[in-house]
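# Structural overview for review
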Amino acid sequence: VTLRLFMRAVAASTSARAAVPAPLACRACRASAPRRIPRAAPPSRGAARAVPLALSARAVGVYAAPRARTIRTRAATDGDASDRQPIADVIDPQLTAVDSKQFFLGSVTFYVVMTLGSQVVCGFADVHPDVIDSASAINLDQAVYWMIPLLASLTFAVTQSEKFEFLRVVRETFEQSVLPAVAPLGVLGIAALSLGAGVGEEALFRGFLMPWVDARLGDVGASADVAAGVSLASTSLVFGALHAITPQYAIWATWASVIFSLESIRDGLGSAMFTHAFYDFLAFLYIIVAWMPPSADE
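All of these numbers come straight from a predicted model, not from anything done at the bench.

In terms of regular secondary structure, the chain is built from 11 helices and 2 strands. Each helix and strand of the chain, ordered N terminal to C terminal, gives the series α-α-α-β-β-α-α-α-α-α-α-α-α. Long-range pairs, those at least 24 residues apart, make up 76% of the contacts in the chain between residues at least 6 apart in sequence. Working note: accessible area of the chain is about 14,900 Å², and carbon and sulfur atoms make up 66% of it.

The following block contains the structure:
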């Protein structure tokens, strides 16, 4: 399903058009609204930064012009439409005013520094093998299998986000603060961002922190099994805490870190980097297609 959505998005990217969506508040309004609206000139750069961005499923891979984003409402409870509240009331709207180019350059720079820094620190902390040597161990066949539970959890979260409150909170957070920054990057930008996250985060957590904690525990007399278990658990907890977009997402990130750690131990750091990067790439595309609020002409 993920690959099919990805191919559909890429194939349709050439037909993306810039449009200003009508101020629709709910699905009922959208259903009764006219299907087409006149095209409008794109807003100025200053205006584009003052409002959230919108990117429909057709626009994945193409950022033609800034687009105003339709703020949809959802039920805060399982009640009727009268109980619904705007997403903007749940998430701070200031989080949506993100310059995608600055976000991309800042993120990629941060991941490059993280990767190089992990390699340098390994030398100072006497961690062997270092990041470069560990990353040379890669098993692509096994890396694909390690991706299965991650993709399964992603599919569940996307398809069941309307049924479970904790998934609805995650979805609203992504719609407000993550997708407006990531979606305009296009396929190549998302690929570069995912590659940076996969390589940089794995270099730090699995390439340096986990073997360093394991070695320090061994120095104080801990058994090999205890040292390995504590190093895996502690680094995964830190990984989850640093991904705490919401408390629920932090729990999921901790679980994902355990998977990456086990893969790194079993099949090498390079395999964990590949799984992490490729999963992030597919996840971003799938979430943009499934969760990005549609424009009025759709």
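Our focus in this paragraph is the nonpolar core. Residues Leu154, Phe174, Leu179, Val182, Ile190, Ile287 and Ile288 are the most contacted members of the largest nonpolar core, which totals 33 residues. For this core, the elements supplying multiple residues, two or more each, are α4 (100-124), α6 (140-159), α7 (165-182), α8 (186-219), α10 (247-267) and α11 (269-291). In terms of residues, this core owes the most to one element, α11, which gives 10 residues. For Leu179, the contacting residues outside a window of four places in its chain are Phe174, Pro184, Ile287, Ile288, Trp291 and Met292. Of all hydrophobic cores here, the second largest spans 8 residues; its members include Cys122, Val127, Ala203 and Leu269.

Looking along the chain, the bond that leaves His128 and enters Pro129 is cis, with omega of -5°. Backbone geometry at Asp126 places phi at a positive 60°, although glycine is not the residue there. Structurally, the position occupied by Asp126 is in the loop between α4 and α5 (131-135). By relative accessible area, which is 54% here, Asp126 ends up exposed.

Counted as a void, the largest pocket has a volume near 1,100 Å³. Lining the largest pocket are 44 residues, with Phe174, His243, Ile245, Tyr249 and Phe284 sitting closest to its centre. Of all the secondary-structure elements, those providing two or more residues to the lining of the largest pocket are α4, α6, α7, α8, α9 (224-242), α10 and α11. It is α7 that provides the largest number of residues to the lining of the largest pocket, a total of 8 residues. Taken together, the residues of the lining of the largest pocket break down into 35 nonpolar, 7 polar and 2 charged.

Moving on, we come to the confidence of the model for the chain. Keep in mind that low pLDDT regions are not for reading the predicted coordinates in detail. On average, residues of the chain score 76 in pLDDT, and 65% of them reach the 70 mark or higher. A low-confidence stretch, residues 14-96 stays under pLDDT 50, and its non-local contacts, those more than four residues away or across chains, total 143 contacts.

For the rest of this paragraph, the subject is the pattern of salt bridges. Using the criterion set out here, one finds 6 salt bridges in the structure. Glu165 serves as the salt-bridge partner of Arg168, at 2.8 Å between the closest nitrogen and oxygen. Here Glu165 and Arg168 lie together in helix α7, a separation of 3 residues that amounts to about one turn. Glu165 gets classed as partly exposed once you look at its relative accessible area, which sits at 41%. Between Glu175 and Arg171 there is a salt bridge, and its shortest N-O distance comes to 3.1 Å. Of this pair, Glu175 and Arg171 are both found in helix α7, 4 residues apart, which corresponds to roughly one turn of the helix. Classification of Arg171 as buried rests on a relative accessible area of 6%. One connected set of salt bridges, linked through shared partners, spans Glu162, Arg171 and Glu175.

The next point concerns the environment of Asp99. Take Asp99: it is sitting in the loop between β2 (84-86) and α4. The spatial distance from the C-alpha of Asp99 to the C-alpha of Val182 is 9.8 Å, given a sequence separation of 83 residues. Within polar-contact distance, the side chain of Asp99 engages the backbone nitrogen of Lys101 at 3.0 Å.

The next thing to look at is α11. For an α-helix, the turn length of 3.6 residues means that residues three or four places apart are oriented alike. An ideal rise of 1.5 Å per residue puts 33 Å on 23 residues; α11 measures up with 32 Å between its terminal C-alpha atoms. Along α11, 20 of the 23 residues are buried, which leaves the element largely enclosed by surrounding structure.

This part covers the packing of aromatic side chains. Scanning all chains against the criterion turns up 11 aromatic pairs. Linked through ring pairs, Phe174, Tyr249, Trp252, Trp255, Tyr279 and Trp291 together constitute an aromatic cluster. Its end group placed over the ring of Phe239, Arg206 keeps NZ or CZ at 5.1 Å from the ring centre.

This brings us to the environment of Ser136. Along the polypeptide, Ser136 turns up in the loop between α5 and α6. Ser136 sits 133 residues away from Leu269 along the chain, and the two C-alpha atoms are 7.5 Å apart.

Once that is clear, we can look at the packing of α8 against α9. It is at 8 Å that the axes of α8 and α9 come closest, and there the two elements cross at 140°. Here α8 and α9 pass one another in a crossing that is right-handed. Here α8 contributes Glu201, Phe205, Arg206, Leu209, Met210, Val213, Asp214, Leu217 and Gly218 to the contact with α9, which in turn contributes Ala224, Ala227, Ala228, Val230, Ser231, Leu232, Ser234, Thr235, Val238, Phe239 and Leu242. Taken together, the residues that form the contact of α8 with α9 break down as 13 nonpolar, 4 polar and 3 charged.

Rules of the game
- Residues numbered from 1 in each chain as written.
- Predicted model: local features only at pLDDT ≥ 70, side-chain atom pairs only at ≥ 80, totals over all residues.
- Heavy atoms only, no water.
- Helix = DSSP H or I, 4+ residues; strand = E, 2+ residues; numbered from the N terminus.
- Contact = heavy atoms within 4.5 Å.
- Areas by Shrake-Rupley, 256 points an atom, 1.4 Å probe, with all protein chains shown as cover.
- Core = buried A, V, L, I, M, F, W, Y, C linked by side-chain atoms within 4.5 Å.
- Buried < 20%, exposed > 50% of the residue type's maximum accessible area, 1.4 Å probe, protein only.
- 1 Å grid on protein atoms, 1.4 Å probe; cavity = no way out; pocket = protein on both sides within 12 Å on 5 of 7 lines; lining within 4 Å.
- Points joined across faces, edges and corners; volume = space filled by probe spheres on them.
- Nonpolar A, V, L, I, M, F, W, Y, C, P; charged D, E, K, R; others polar.
- pLDDT = per-residue confidence, 0-100.
- Salt bridge = Lys/Arg side-chain N within 4 Å of Asp/Glu carboxyl O.
- Polar contact = N/O pair within 3.5 Å; in protein donor to acceptor, adjacent residues only side chain to side chain.
- Expected span 1.5 Å × (residues − 1).
- Phe/Tyr/Trp six-rings, centres within 6.5 Å; stacked < 30°, edge-to-face > 60°.
- Lys NZ or Arg CZ within 6 Å of the ring centre and 35° of its normal.
- Axes fitted to C-alpha atoms, helices over the stretch in contact; angles between N-to-C directions.
- Left-handed = near helix turned anticlockwise from the far one by under 90°.

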